[in-house]
Amino acid sequence: MAHIVDDPVLSVEHLNMRFGGLLAVDELSFDVGRRDITALIGPNGAGKTTVFNCITGFYKPTEGRITARHETGETFLLERMDDFKIPKIAKVARTFQNIRLFGGMTVLENLMVGQHNTLMVASNYTFGGIFGLSGYKKAEKEAVELAKYWMEQAGLTKRADDAAGDLPYGDQRKLEIARSMCTKPKLLCLDEPAAGLNPRESEELNKLLLFIRKERDTGVLLIEHDMNVVMGISDHIIVLDYGKKIADGTPEEIRNDPSVIAAYLGVADEEVEEVEHEIEEGAS
Amino acid sequence: MADTESTPSRPARHLDFSKVVKDLIVTTLIATAVFGSTIAFRTVSAAGGLGLEVRYDIAFYVIAAVVIGRLLLWIFVWSKPPGTSAVEMPVSIKSGLAKVSAKVGKGFGPTMLLFALVFPFLPFTDRYLLDLSILILTYVMLGWGLNIVVGLAGLLDLGYVAFYAIGAYSYALLAQYFGFSFWMCLPLAGILAAFWGIILGFPVLRLRGDYLAIVTLAFGEIIRIVLLNWYQFTGGPDGLSGIPRPSFFGLPFNRSEGGFADFFGLDYSSIHRIMFLYFLILALALLTNFVTNRLRRLPIGRAWEALREDEIACRSLGLNTTSVKLTAFAIGAMFAGFAGSFFATRQGFISPESFTFIESALILAIVVLGGMGSQTGVVIASIAMIGGFEIFREAEQFRMLIFGLAMVIIMIWRPRGLISTRIPSIFLKEKKKVSADMVAQGEGH
Ligand SMILES: Nc1ncnc2c1ncn2[C@@H]1O[C@H](COP(=O)(O)OP(=O)(O)O)[C@@H](O)[C@H]1O
Ligand SMILES: [Mg+2]
């Protein structure tokens, strides 16, 4: 039961990832729509992070094909690209399950590093920049403007000059997303962005994600545990269990899928009702 | 901590007797093992060769001093109630110190620069002091160069002296074989060192942390051993002598007509050349500092610091970390190359002996002691270390001991170096310093 996606920004086909004797991802295929929020869900150890690592080049898949498509029709075979070229050329950015910020650098500096490749070209690979050519100054000003824009969206403007490591947890999550957005991606992959957030922070995160989809023409692929987030904002959900896809569809379809409730939640029968109730709540 | 001091019902001092006795026994054993096997014996030249003098009495006094010292510590320092640390300063003093150091910090750079500029003309400056300051400035420059690699990019390089050697030999050999002048060789030496930085960097920079440190150490030694054994080309252990002295833009520093003194209508004095060398190394060091500060504000410099903070995050943002590392390595090497050719022209003679691992260790110690990434810290640490070496020259045998002790104390007192705060490379409204606990130290620390 594959969900039909008209204009996929990313297609994963027959993806397999083996670690020794463990098949962490097993014949996985799915599409991610260009302006959709797509959620990848599944119990702990289902292989979600591994899928992300394959998409973003941190792991080389054992088998399978991962294709990114731009509006221009250009395609990129991600499994053949170096990890750093995937955000740079194929424009697929990511965040990490354990936040990875440049803790000793300020919020603004973090956002500037996100624009490294643009600025490198503008500084003529440093040679122009070191002599203070005006072209670089202009590019730097633009980069600061873009950083300000994302700080505004993430609600971090007041903390622009504070060390990233000093921010509260929720702000760090948002900064990591803002920093990824500074690479101007076509697809943003978020690994459990709501993990550890309180309800208010979680609400702010939802707003940020919806804004990204609406305003920036960026597809979002997210791994999420929080049913409120998943049901509330996704257009399309893929459910993974033991590396296999067990369901793929709209939130309604997923909500009514008994195998999802049984397998994904992996709960005893008496708890199923409770969980169903939780999902119901999330949708409303 | 300050509150505990003022509470009237302060808990009484208490000593856990059995714990103290146990500790003292252990102390005695350790002290006996250390001093009983060292101080207790002394080699003397006896009639038939080398004789052994036994000095149990001296060893005994030393051991006794250690044990009594430890006992006094127990009684007066460690007996405070738990929670009150003996070395903790009251909060008010601490914040006061922070304020003072912030004020000092602001004017420090310009004051130092001004002082460095007038220093050669001060009445008390003699040849000895001038020579010493040239040495210090050489280490400041090397420290600033290594700071790019270790402090900014967070790559632990234990073979930095190799590039210093390459710079020195480049100048000496180019001058010897092609008769190039110092001013021609200076940039060439930098370029050659940077080139070798890239050549060595390619295989080495795939490694991380401790492995990187060990392999850079090995590369440093390899370069030295090549210089030592390639007799026909480098003169091997004999070194290279007769390296041309620098001229003042074509005016040699000698008594001849058309020399520097003659041209400016001064009386000839050998101090002119030393002064010139002083200003030359000052200019080179300032160039290093200027370029580094400039690079820090460019994308390349931010990429270095980002690399130190988190390499994986860098890759996820599209930074080619290999080339980021290579540029840090190459630019650091380039400044070592400049410093090396200065060293060659100043000494007039070089041999592989000047480029041993100890030099690398000394430069690294300066960077770490100064506070990694801090330009001012490097200056203070160079003055303290190189100046300290001079002050304790008298104490010969104990010099290394004092040096080691000072390092240990500073590492306890300021584990992140003398100046451990980081100044952001760009700011929106206000330049706030980043405290040391936020800043990562990169690989292998
Ligand atoms: N680098 C690796 N080496 C070996 N096994 C791994 C590696 N990365 C992930 N795995 C295994 O793959 C499975 C899926 O892990 P992961 O993708 O992190 O799950 P999820 O993110 O869904 O919780 C787990 O059993 C995990 O132990
Ligand atoms: Mg995971």
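Just so we're clear, the structure is a prediction, and the values are computed from it rather than from any experiment.

This paragraph deals with the overall build of chain A. Helix and strand content of chain A: 12 helices and 10 strands. Taken across its 284 residues, chain A has 56% of its residues classed as buried. Residue pairs at least 24 apart in sequence account for 67% of intrachain contacts in chain A once pairs closer than 6 positions are excluded. Of the roughly 12100 Å² of accessible surface on chain A, 50% is carried by carbon and sulfur atoms.

Turning our attention to the interface of chain A and chain B. Opposite the 44 residues of chain A that make contact, chain B presents 34 residues. Where chain A abuts chain B, roughly 3300 Å² becomes buried across the two surfaces, and 66% of that area is made up of carbon and sulfur atoms. Taken together, the links from chain A to chain B amount to four salt bridges. Across the pair glutamate 140 of chain A and arginine 302 of chain B runs a salt bridge whose closest N-O atoms are separated by 3.3 Å. Every element with two or more residues in the side of chain A that touches chain B is listed here: helix H2 (85-90), helix H3 (107-113), helix H4 (116-122), helix H5 (127-130), helix H6 (134-154) and helix H7 (169-181) of chain A. Of all the elements, H6 of chain A adds the most residues to the side of chain A that touches chain B, at five residues.

Residues and elements named next belong to chain A. Phe19, Leu22, Ala24, Pro43, Asn44, Gly45, Ala46, Gly47, Lys48, Thr49, Thr50 and Tyr59 make up every residue found near ligand 1. A distance of 3.0 Å separates an oxygen atom of ligand 1 from a polar atom in the backbone of glycine 47. Within the side chain of tyrosine 59, an N or O atom sits 3.0 Å from a nitrogen atom of ligand 1. Per-element tally for the shell around ligand 1: the top contributor is helix H1 (residues 48-55), with three residues.

It is worth spelling out the pairing of strand S3 (residues 37-41) of chain A at this point. Residue and element names in this part refer to chain A. Judged by how many residues are buried, S3 sits mostly within the fold: five of five residues are covered. Relative to strand S8 (residues 219-223), S3 runs parallel, the two being bridged by four bridges. Of the residues in S8, the one forming a bridge with threonine 38 is leucine 221.

This part is about the coordination of the magnesium ion (ligand 2). All names here are of chain A. Of the protein atoms, only Thr49 (OG1) and Gln97 (OE1) coordinate the magnesium ion (ligand 2), at distances of 2.0 to 2.2 Å. With a gap of 48 residues between them, threonine 49 in helix H1 and glutamine 97 in the loop between strand S6 (92-94) and H3 connect regions that are remote in the sequence. Owing to a relative accessible area of 32%, glutamine 97 belongs among the partly exposed residues under this scheme.

A few words now on the pattern of salt bridges. A complete count under the given rule lists 27 salt bridges over all chains for this structure. When the shortest N-O distance is used, the salt bridge between arginine 422 of chain B and glutamate 109 of chain A registers 2.8 Å. Pair noted here: arginine 422 of chain B is in the segment after helix H17 (399-413) and glutamate 109 of chain A is in helix H3, and the two residues belong to different chains. As far as the burial class goes, arginine 422 of chain B and glutamate 109 of chain A line up, both buried. Connected through salt bridges with shared partners, the residues Glu109 of chain A together with Arg296, Glu305, Arg308, Glu309 and Arg422 of chain B form a single ionic network.

To locate leftover empty space, one rolls a probe as large as a water molecule over the atoms. Residues and elements named next belong to chain B. This structure, assessed with the given rule, holds five cavities of 30 Å³ or more. Here the largest cavity is characterised by a volume of approximately 60 Å³. Lining the largest cavity, in full, are Asp157, Gly159, Ala162, Phe163, Leu200, Val204, Thr216, Phe219, Gly220 and Phe329. The set of elements that each furnish at least two residues to the lining of the largest cavity consists of helix H6 (161-178), helix H7 (182-204) and helix H8 (209-229). Broken down by element, the lining of the largest cavity gets its largest block of residues, three residues, from H8.

Residues and elements named next belong to chain A. Secondary-structure assignment places aspartate 248 in strand S10 (residues 244-249). Judged by relative accessible area, which is 3%, aspartate 248 ranks as buried. A polar atom in the side chain of aspartate 248 sits 2.6 Å from the side chain of histidine 236.

Before going further, it helps to examine the nonpolar core. Ranked by internal contacts, the top residues of the largest apolar core, which has 156 residues, are Leu209 and Ile212 of chain A together with Phe163, Trp304 and Ile350 of chain B. No other element matches helix H5 (residues 127-152) of chain B, which puts 15 residues into this core. Counting residues in each nonpolar core, the second largest holds 29 residues, with Val25, Val51, Cys189 and Ile238 of chain A among its members.

On to helix H16 (residues 375-391) of chain B. Residues and elements named next belong to chain B. Over its 17 residues, H16 extends 24 Å from the first C-alpha to the last, a length consistent with the 24 Å expected when each residue adds 1.5 Å. Within H16, 12 of the 17 residues are buried, which leaves the element mostly enclosed by the surrounding structure. Residues Gln375, Gly377, Val378, Val379, Ala381, Ser382, Met385, Ile386, Gly387, Gly388, Phe389 and Glu390 constitute the buried set of H16. For H16, the capping residue at the N-terminal end is serine 374, with a side-chain oxygen 2.9 Å from the backbone nitrogen of glycine 377.

All names here are of chain B. Considering only enclosed or pocket space, the second largest pocket measures out at about 550 Å³ in volume. Together, 26 residues line the second largest pocket, and Leu135, Tyr139, Glu359, Leu362 and Phe389 are the ones closest to its centre. Elements that contribute at least two residues to the lining of the second largest pocket include exactly H5, helix H14 (321-347), helix H15 (357-370), H16 and H17. Per element, the largest residue contribution to the lining of the second largest pocket is six residues, and it comes from H5. When the residues that make up the lining of the second largest pocket are grouped by side-chain class, the tally is 15 nonpolar, four polar and seven charged.

The next thing to look at is the domain arrangement of chain B. Splitting chain B by domain gives domain 1 (17-76) and domain 2 (109-414). Just the C-alpha atoms count here: the centres of domain 1 of chain B and domain 2 of chain B sit 42 Å apart.

What follows is about unusual backbone geometry. Residue and element names in this part refer to chain A. If you check the backbone angles, glutamate 27 has positive phi at about 50° while not being a glycine. Mapped onto the secondary structure, glutamate 27 falls in strand S2 (residues 22-33). The partly exposed category is assigned to glutamate 27, whose relative accessible area is 42%. In this model, lysine 91 sits at a positive phi of 60°, which is unusual for a non-glycine residue.

Turning our attention to the domain arrangement of chain A. Residues and elements named next belong to chain A. You can read the domains of chain A as domain 1 (1-91 + 185-284) and domain 2 (101-183). Listed as interface residues are 20 residues of domain 1 and, on the opposing side, 13 residues of domain 2. Across the domain 1/domain 2 interface, buried area totals approximately 1400 Å², and carbon plus sulfur atoms make up 67% of it. In this structure, glutamate 204 and lysine 174 form a salt bridge, with 2.6 Å as the shortest nitrogen-oxygen distance. Taken together, the connections running from domain 1 to domain 2 amount to four residue pairs in polar contact (both at pLDDT 80 or more).

The pairing of strands in a sheet happens through backbone hydrogen bonds and is either parallel or antiparallel. Residue and element names in this part refer to chain A. One open sheet holds the four strands; their spatial order is S2-S1-S4-S5, and the pairing between them is antiparallel. With partners counted over all chains shown, the strands left at the sheet margins are S2 and strand S5 (75-77), one partner each. Mean inter-strand twist for the sheet, computed between neighbouring axes without regard to direction, equals 15°.

What counts and what doesn't
Residues numbered from 1 in each chain as written. Chains lettered and ligands numbered in written order. Predicted model: local features only at pLDDT ≥ 70, side-chain atom pairs only at ≥ 80, totals over all residues. Heavy atoms only, no water. Helix = DSSP H or I, 4+ residues; strand = E, 2+ residues; numbered from the N terminus. Buried < 20%, exposed > 50% of the residue type's maximum accessible area, 1.4 Å probe, protein only. Contact = heavy atoms within 4.5 Å. Areas by Shrake-Rupley, 256 points an atom, 1.4 Å probe, with all protein chains shown as cover. Buried area = accessible area lost by both parts, 1.4 Å probe. Salt bridge = Lys/Arg side-chain N within 4 Å of Asp/Glu carboxyl O. Near = heavy atom within 4 Å. Polar contact = N/O pair within 3.5 Å; in protein donor to acceptor, adjacent residues only side chain to side chain. Pairing = 2+ DSSP bridges. Donors = N, O, S within 2.8 Å, 3.2 Å for Na, K, Ca; no water. 1 Å grid on protein atoms, 1.4 Å probe; cavity = no way out; pocket = protein on both sides within 12 Å on 5 of 7 lines; lining within 4 Å. Points joined across faces, edges and corners; volume = space filled by probe spheres on them. Core = buried A, V, L, I, M, F, W, Y, C linked by side-chain atoms within 4.5 Å. Expected span 1.5 Å × (residues − 1). Nonpolar A, V, L, I, M, F, W, Y, C, P; charged D, E, K, R; others polar. Domains from an automatic or database assignment. Axes fitted to C-alpha atoms, helices over the stretch in contact; angles between N-to-C directions.

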